[in-house]
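Spelled out from the first residue to the last, the chains are:
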Amino acid sequence: MDDKMSGTALPEASFLSAFAGAIVLALVHQYLFYGHGLGVSMPVFVIVFYAYMYVFNRDRIQPGSWIGRLLSVIIIMLALTYALFNNPVLYVLNALAIPALISVHMVLLFGEKRHDWSEPGMIGQALSHWFYQNMRHIATPFRMFKRAAFRNVKDERKRVLGKVMIGLLIALPLLFIIVSLLASADGMFEELLSGIPAWIGTWSFGSGMLRLIWTCFFTFCFFCYLWGFVHPAPRDTVREVQSWHGLNEGANGQTSEYDGHCSVVIDRPRIPDYEPVAIKFDPVITATVLIVMNLVYVVFVVLQFGYLFGAWEGALPAGTSYAEYARRGFGELVMVTGINFVLMISVLKWTEFSSSILQKINSGLLYILVGCSGVMLYSGYTRLVMYEEAYGYTYTRYLVHAFMIFLGLLLLIAAVRIHIRQLPLAKYYIVLALVAYVVVNYVGIDVRIAENNLERYRTTSVIDKEYLSGLSADAIPLLIEFSRKEHGTMDEYLQGRLMSMAREETAWPAFNWAKYRAQQELQDYILE
């Protein structure tokens, strides 16, 4: 097979080793995840997967870059959250984020250099390895095993043996199902099978068959994903090299078969390249839009200052209660700030200035827009703080806090971009988003929510015990300490939580430090 990146022919042993590695990886995958919750199994599997990809792609690895090293650290840190923390919201989000980041990282490490890491095309290239590059190699294992098995067999015998192999492949899964069902239906037949090793007898259609299907499915997934990097689809070429794919059809309609020694060269008609449509905004138009919007924003901001710095002392609009003021307009303010952010990025990216005067005017108007957006964001943040003091702290409100801080940092970077036109905005935003997401994972959301609600209890004597008891295991030690100081006010809920945790899975792949610590401290506290 022709290696697109090194130009060397890979021996058949490389294919067999890679497929055997995929089987081992799939067995590890089913052992860690089948029937188990996510825990320490996640970082373990991530490390094993990287080892598999590196062993069979080490000759194709791209030179190291700082973004590649950053992604490595971020992926490992996110995987470790399954062993260290127990946040249900991030539990789901990380299950989506980790595979996505690994896909991009694989392209950076082993993929062809088609796009810069900050370009949207990098996402498309990562997706192509998930789907197109993956799908095109589904038949590769069958063809290679067929070629290896019948290399020295005559044509007539080859056809017969091929049909026998197909029959066996069809019969084996049916035989497994039928034997399992018959053994369950008749005790004598089950005794007849007692000579078979005991571990086979423990298999049933419900577990053993599903594990087999799981392993087979992921074997092909892992191998095809790997082989998509070993032998990627050609790009923008007139001549496409096809190998290890059996019959190939040329542009003239003729077909030829790979004979095990050379590749078939196929002529493809070149697809004409089209220049992308350039989006450009006129600076006079953008200045007009910014002037009109800034006039409205300046009036709004002037009115807001009286409320922002007076609401804490009771200087609220007439007929507006403390809680109503906090709740009213919060979402609208955040939405307007988001619209301003998109407008500002559009002007910075797509406005073409023909004179320095127009550039300075637009820059000044953008600074005003940033300032007004900052005030509106701060107004929304203040309203949320007031609302939390009145109604308590929850996951949603905490995450909105984090998003608003993140949006404020984006505005600051955009303000710097107004002055420094060469600043690579997309790269700064991507890095900031990745770092911010890791910080949210490690800041301890449940602990912060519990701390704030308990502090609110000390000032208002109001507490939602049921909500606090429903927080993840991360917050349990804090609730135990609170209940101990408050003469057992949370004991009923903590006892129920201990009974619930005692029924949870204890297998080591699902081990989670936060759950283990919480259960140990609950047992010690209840037994006091």
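Since the model is a prediction, treat every value here as computed from it, not as a measurement. (Residues numbered from 1 in each chain as written. Predicted model: local features only at pLDDT ≥ 70, side-chain atom pairs only at ≥ 80, totals over all residues. Heavy atoms only, no water.)

Caption draft 1: Up close: helix α4 (residues 88–110). Its 23 residues place the ends of α4 33 Å apart at the C-alpha level, agreeing with the 33 Å of an ideal helix rising 1.5 Å per residue. By the largest-angle criterion, Asn-94 marks the main kink of α4, which is about 30°. Capping the start of α4, Asn-87 holds a side-chain oxygen 3.0 Å from the backbone nitrogen of Val-89, two or three residues further along. (Helix = DSSP H or I, 4+ residues; strand = E, 2+ residues; numbered from the N terminus. Expected span 1.5 Å × (residues − 1). Bend = angle between axes of the 7 residues up to and from the residue. Polar contact = N/O pair within 3.5 Å; in protein donor to acceptor, adjacent residues only side chain to side chain.)

Caption draft 2: Region of the structure containing helix α2 (residues 41–55). Taking 1.5 Å per residue as the helical rise, α2 with its 15 residues ought to reach 21 Å, and the 21 Å between its terminal C-alpha atoms agrees with that figure. Within α2, the full set of buried residues consists of Ser-41, Met-42, Pro-43, Phe-45, Val-46, Phe-49, Tyr-50, Tyr-52 and Met-53. (Buried < 20%, exposed > 50% of the residue type's maximum accessible area, 1.4 Å probe, protein only.)

Caption draft 3: Spatial organisation of the packing of aromatic side chains. Under the criterion given, the structure shown has 29 aromatic pairs. Relative to Phe-222, the ring of Phe-45 lies with its centre 5.9 Å away and its plane at 40°, an arrangement referred to as tilted. Within this pair, whereas Phe-45 is found in helix α2, its partner Phe-222 is found in helix α11 (residues 208–230), the two being separated by 177 residues in sequence. Between Tyr-82 and Tyr-91, the aromatic rings sit 5.2 Å apart at their centres with planes inclined by 65°, giving edge-to-face as the arrangement. A residue is classified by how much of its surface remains accessible, and Tyr-82, at 3% relative accessible area, is buried. Three or more aromatic residues joined by ring pairs make a cluster, and in this case those are Phe-33, Tyr-34, Phe-45, Phe-49, Tyr-50, Phe-110, Trp-214, Phe-217, Phe-218, Phe-222, Tyr-225 and Phe-229. (Phe/Tyr/Trp six-rings, centres within 6.5 Å; stacked < 30°, edge-to-face > 60°.)

Caption draft 4: Highlighting the nonpolar core. Core analysis: the biggest nonpolar cluster contains 45 residues, and Phe-49, Met-53, Met-106 and Phe-223 have the highest contact counts within it. Of all the elements in the fold, those that place two or more residues in this core are α1 (12–33), α2, α3 (66–84), α4, α5 (121–130), α11 and α17 (425–442). Filtering out sequence-adjacent residues up to four positions away, Phe-223 remains in contact with Phe-15, Ala-18, Phe-19, Ala-22, Tyr-52, Thr-140 and Pro-141. If you look at the next biggest cluster of nonpolar residues, it comprises 32 residues, including Met-344, Leu-365, Ile-413 and Tyr-429. (Core = buried A, V, L, I, M, F, W, Y, C linked by side-chain atoms within 4.5 Å. Contact = heavy atoms within 4.5 Å.)

Caption draft 5: Structural context of the side chain of Thr-337. Checked against the element boundaries, Thr-337 lands in helix α14 (residues 330–350). Beyond its immediate stretch of four places on either side in the chain, Thr-337 contacts Ser-373, Met-376, Leu-377, Leu-407 and Leu-411.

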